[in-house]
Amino acid sequence: MSKFAIACGGTGGHLAPGIAVAEGLLKAGHQCILLISNKNVDARLMEKYSHLHFMPVPGVGFSWKPKALFAFVKEHSRGILFWIKFLRREAPDAIIGFGGFTTIGAGLVGGLLGYPLILHEANRVPGKAIRYLKYFADRIYLPQSVVLKGVSPAIIRHEDYPVRSEIVHLMKTESRQCLGIESKGKLLVVMGGSQGASSLNAWVRDNAVTLGKEGVSVYCLTGLRKGELEVINTNPGQPDVKTYFVPFSDQMAEVLSAADLIIARAGAGSIAEMIRCRVPSILIPYPKSADNHQMENAKYAEKQGIAMVVTEDKRDTLLGETIELIFNDFLLNSFKENMKRIEDPDCLRNMVEDIEKIGKGTL
């Protein structure tokens, strides 16, 4: 049995694959400690996984703004001291980092102290943490066809995003019943990632009545602290056509499976979970994402024939594109077939088997 420290907090896109790998390693008989941030999204998501061992780590995201830069230096100084004490106390067989600020201290201290370091990059543009820590890594997992310069090809493995075991494609009717959605017609899900997107929430409010007149219900995940639960009837002639504003859901398999179409940001985790649940999407890349990685994620999804891309500056076309696509069953089914083609169902198993060998020192 091996012990693994998994640095994976900060956003749902970092935490979710960490949970997936931790559950895979636990199932194989190993111990895992998940190191997360102090953000509300981490605290809210971890409530569902009481069987896992979580521990918060000091740290905040990087910014050049003076006040934020000071906070970054202060918190990461505390984080380095945390990691020195943690590694001496726990002595894990390997450290696994999923990017973001929680991985920086883990990779730097662990690498300098000689612990095996495993990195996972979910996006099609490697983030700062992965680029800076690549020289310490014993293994780096990258998406298919993504290249990371400056490291030996021998340590690279191309694996997709490991999806949590409970994210599975469910029957549409059962999913809607579970979520309390009355509509039997078309359902549009709108979500802005683990922290929500105010601009997408505003778009739903501006267009809910128009969509309702077309017989389209909307289920909008607004994000934590971005409004309260609210249900609005948007078509008096069809009482089951409603718009739902929901701050957070830990029933993502049901949310995704209930939808005919999703409007979402282009985070790697969201795309991977939509593929698993076979739900077509219109992706609106967040224009301020680091290194514009969401645009690259979206362009790849569109090239694979599983999504349509509408950029932020073309949002005035979104309503028309949405109504046209959600009633185009031929194109929606084509997207679903392409999802079956590109998904790798063995991704998590392959990663767990490889990580086990690194933890045992048998590679």
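Refer to the preceding data block for the structure.
Below is a summary of the structure that appears in this document. (Residues numbered from 1 in each chain as written. Predicted model: local features only at pLDDT ≥ 70, side-chain atom pairs only at ≥ 80, totals over all residues. Heavy atoms only, no water.)

Here the focus is the overall build of the protein. Across its full length, the protein carries 13 helices and 14 strands. What you see for the protein is a C-alpha radius of gyration of 21 Å, in line with the 21 Å of a compact globule of 363 residues. On the principal axes, the C-alpha backbone points of the protein span a range of 65 × 45 × 35 Å. Going through the 363 residues of the protein one by one, you find that 56% of them count as buried. (Helix = DSSP H or I, 4+ residues; strand = E, 2+ residues; numbered from the N terminus. Rg over C-alpha atoms; globule rule 2.2 N^0.38 Å. Buried < 20%, exposed > 50% of the residue type's maximum accessible area, 1.4 Å probe, protein only.)

The strand order β10-β11-β9-β8-β12-β13-β14 describes an open sheet built from seven strands, whose pairing is mixed. Either end of the sheet is taken by a strand with one partner, and the two such strands are β10 (230-233) and β14 (307-309). Taken over all neighbouring pairs, the strand axes of this sheet differ in orientation by 15 degrees on average, direction set aside. Both strand β12 (residues 261-264) and strand β13 (residues 281-283) contribute to a ladder of three bridges, which runs parallel. Its bridge partner lying in β13, I262 is registered against S281. (Pairing = 2+ DSSP bridges. Axes fitted to C-alpha atoms, helices over the stretch in contact; angles between N-to-C directions.)

What follows concerns the side chain of S175. Take S175: it is sitting in helix α6 (residues 172-179). A relative accessible area of 2% places S175 in the buried class. Within the structure, the side chain of S175 is placed 2.9 Å from the backbone oxygen of M171, a separation counted as a polar contact. When sequence neighbours within four positions are dropped, the list of residues in contact with S175 reads L170, E254, S257 and A258. (Polar contact = N/O pair within 3.5 Å; in protein donor to acceptor, adjacent residues only side chain to side chain. Contact = heavy atoms within 4.5 Å.)

Applying the stated rule across the entire model yields 19 salt bridges. Salt-bridge contacts for E166 lead to R164; the nearest nitrogen and oxygen are separated by 3.4 Å. The exposure class assigned to E166 is partly exposed, which follows from its relative accessible area of 23%. (Salt bridge = Lys/Arg side-chain N within 4 Å of Asp/Glu carboxyl O.)

Further remarks concern the sheet that holds strand β1 (residues 3-7). Pairing within the open sheet is parallel, and its seven strands lie in the order β3-β2-β1-β4-β5-β6-β7. A strand with exactly one partner marks an edge of an open sheet, and here the two such strands are β3 (54-56) and β7 (156-158). Pairs of neighbouring strands in the sheet enclose a mean axial angle of 20 degrees, with direction left out of account. Packing against the sheet, helix α13 (residues 347-360) makes contact with β1, β4 (94-97), β5 (117-120), β6 (139-142) and β7, and its axis sits at approximately 170 degrees to β6.

On the surface, I80, L108 and L112 cluster together to form a nonpolar patch covering roughly 250 Å² of accessible area. Here L108 is to be found in helix α4 (residues 101-112). L108 gets classed as partly exposed once you look at its relative accessible area, which sits at 31%. (Patch = residues over 30% accessible without salt bridge, like charges linked within 9 Å, V, L, I, M, F, W, Y side chains within 5 Å. Areas by Shrake-Rupley, 256 points an atom, 1.4 Å probe, with all protein chains shown as cover.)

So, on to the environment of F248. Note on placement: F248 falls in the loop between β11 (242-246) and α8 (252-258). Overall, the relative accessible area of 17% leaves F248 in the buried class. Between the alpha carbons of F248 and L224 there is a distance of 5.9 Å; along the sequence they are 24 residues apart. Ignoring sequence-local partners within four residues, the contact set of F248 consists of R44, L45, L221 and L224.

A few words on the pairing of β12. Burial along β12 is two-sided: L261 and I263 and I262 and A264, pointing in opposite directions, are all buried. Here four bridges tie strand β8 (residues 186-191) to β12, and the two strands are oriented parallel to one another. Bridge pairing in β12 links L188 to L261. Of the crossover connections in this fold, the one passing from β12 over helix α9 (residues 268-277) to the parallel β13 is right-handed. (Right-handed = clockwise from strand over helix to strand, strands pointing away.)

The end-to-end C-alpha separation of helix α7 (residues 198-213) is 24 Å, in line with the 22 Å expected for 16 residues at 1.5 Å each. Of all the bends in α7, the largest measures some 55 degrees and sits at N207. G215 sits one or two residues past α7 and shows a positive phi near 85 degrees. (Expected span 1.5 Å × (residues − 1). Bend = angle between axes of the 7 residues up to and from the residue.)

Tracing the sequence through the fold places K172 in helix α6. Excluding residues that lie within four positions of it along the chain, K172 makes contacts with S257, A258, A259 and D260. Of note is the side chain of K172, whose polar atom sits 2.6 Å from the side chain of D260.

At a minimum axis distance of 10 Å, the contact between helix α1 (residues 12-27) and α13 shows a crossing angle of 65 degrees. The crossing of α1 and α13 is right-handed. In this structure, α1 uses A20, V21, G24 and L25 to contact α13, whose residues at the interface are L348, M351, V352, I355 and E356. (Left-handed = near helix turned anticlockwise from the far one by under 90°.)

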